[in-house]
Amino acid sequence: HFGPSYTSEVGEKKQVLGLAFGIEVPVFDRNRQAIAGAQGLRDGIRLEYEAAAGRLLAAVEESRRAWEMAVEKRRVAAGLLALSRKNVELARGSLAAGLSNPLQYLEAQQSFREALLGSASAEQEAWSACFRLEQVAGCPLFRFPGEPADLAPPMPFNDKGETR
C-alpha cells in the first residue's frame, strides 16, 4: 500500500507528515486460487494415471490367466495325443494278430489324427496367448536364442499414449 501518514508523539511538540509504503505479509498468500487450480489439475492427472494403470494391470492379469489356461489345455492335449498314439499301436498289433478288423484300426488312426489336430490347435492357442501377454505387458517374456541380452524391450505406447 502507498499513502499519506501522520505521526505525533506524546510529550513532544513534534508532528510529522509523511508518505507511507506498506507490504502485505505473507506475499505467497495471494495466489491461493492459482495453487488450488494447479492442485486440482495435478489431482485430475493422478486420477487419469491411476485409472490407466489399473486398466493395464487388469489387462495383464487377464492375459496371464488366459495364457495359463492355454498352457494347461496344451498339456492335456499332449496327454491325449500320447494315449491316442498308444491306442493306434495297440490297434495295429491287434490287427496283425487277427484280433480286430481293419475298420477298428482306421478308427484308431482317425482318433489319433483328431488328437494331433487338437494338440496343434492347443499349441497355437498357447503361443497366441503368450504373444498377447507380451503385447499387453509391453516387453518380451523370454528371449530367443541369438538375441542380445541388452536388447531394450519395445515400448507399448507411442507419444500420444496409443498402443502400437
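A brief look at the structure comes next. Computed from a prediction, not measured in an experiment: that's the story for all the values here. (Residues numbered from 1 in each chain as written. Predicted model: local features only at pLDDT ≥ 70, side-chain atom pairs only at ≥ 80, totals over all residues. Heavy atoms only, no water.)

**Quick word on the overall build of the protein**
Applied cut-off: The helix and strand labels rest on DSSP assignments: H or I over at least four residues marks a helix, E over at least two residues marks a strand, and numbering proceeds from the N terminus. Buried residues are those whose accessible area, probed at 1.4 Å on protein chains only, stays under 20% of the maximum for their type, while exposed residues exceed 50% and partly exposed ones sit between those limits. Working rule for contacts: check all heavy atoms of both residues, and any pair within 4.5 Å makes them a contact. The Shrake-Rupley method, run with a 1.4 Å probe, gives the accessible areas here. Residue values count only the displayed protein chains as cover.
When you go through the protein residue by residue, the secondary structure sums to two helices and two strands. Listed N to C, the secondary structure of the protein is β-β-α-α in terms of helices and strands. By residue count, 13% of the 164 residues in the protein fall in the buried class. Of the contacts formed within the protein by residues at least 6 apart in sequence, a portion of 40% connects residues at least 24 apart. Per element, the accessible surface of the protein, about 13400 Å² overall, is 61% carbon and sulfur.

**Considerations on the pattern of salt bridges**
Filter applied, for reference: Here, a salt bridge means any Lys or Arg side-chain nitrogen found within 4 Å of an Asp or Glu carboxyl oxygen.
Counted by the stated rule, this structure contains eight salt bridges. Ionic pairing is found between Glu-61 and Arg-64, a salt bridge with its closest N-O pair at 2.3 Å. With Glu-61 and Arg-64 both in helix 1 (residues 32–97) and three residues apart, the pair spans about one turn of that helix. Judged by relative accessible area, Glu-61 falls into the partly exposed class, the value being 27%.

**Topic: the packing of aromatic side chains**
We count it as follows: Pairing of aromatic side chains requires ring centres within 6.5 Å, counting the rings of Phe and Tyr and the six-membered ring of Trp. Pairs whose planes differ by under 30 degrees are stacked, by over 60 edge-to-face, and all others tilted.
Considering all chains together, one arrives at one aromatic pair under this definition. Where Trp-127 meets Phe-131, the ring centres are 5.7 Å apart and the plane angle is 35°; that geometry is what we call tilted. Of this pair, Trp-127 and Phe-131 both sit in helix 2 (residues 102–137), four residues apart, roughly one helical turn. Residue classification places Trp-127 among the partly exposed positions, given a relative accessible area of 33%. Since its relative accessible area comes to 40%, Phe-131 is described here as partly exposed.

**Concerning the nonpolar core**
The criterion, for reference: Only buried residues count toward a nonpolar core, which is a set of Ala, Val, Leu, Ile, Met, Phe, Trp, Tyr and Cys residues joined through side-chain atoms within 4.5 Å.
Of all hydrophobic cores here, the largest spans seven residues; its members are Leu-81, Val-88, Ala-91, Tyr-105, Ala-108, Phe-112 and Ala-115. Every element with two or more residues in this core is listed here: helix 1 and helix 2. The element that contributes the greatest number of residues to this core is helix 2, accounting for four residues. Apart from the residues within four sequence positions on either side, Tyr-105 is in contact with Val-88, Ala-91, Arg-92 and Leu-95.

**What about helix 1?**
Spacing of three or four residues puts side chains on the same side of an α-helix, whose turn is 3.6 residues. Quick note on the threshold: Expected helix span is taken as 1.5 Å per residue step, with the number of steps being one fewer than the number of residues.
Counted at 1.5 Å a residue, the expected span for helix 1 with its 66 residues is 98 Å, and the 97 Å between its end C-alpha atoms agrees. Among all positions of helix 1, only Ser-63, Ala-70, Ala-77, Leu-81, Ser-84, Val-88 and Ala-91 are buried. Once helix 1 finishes, Gly-98 follows within two positions and takes phi at roughly 80°, a positive value.

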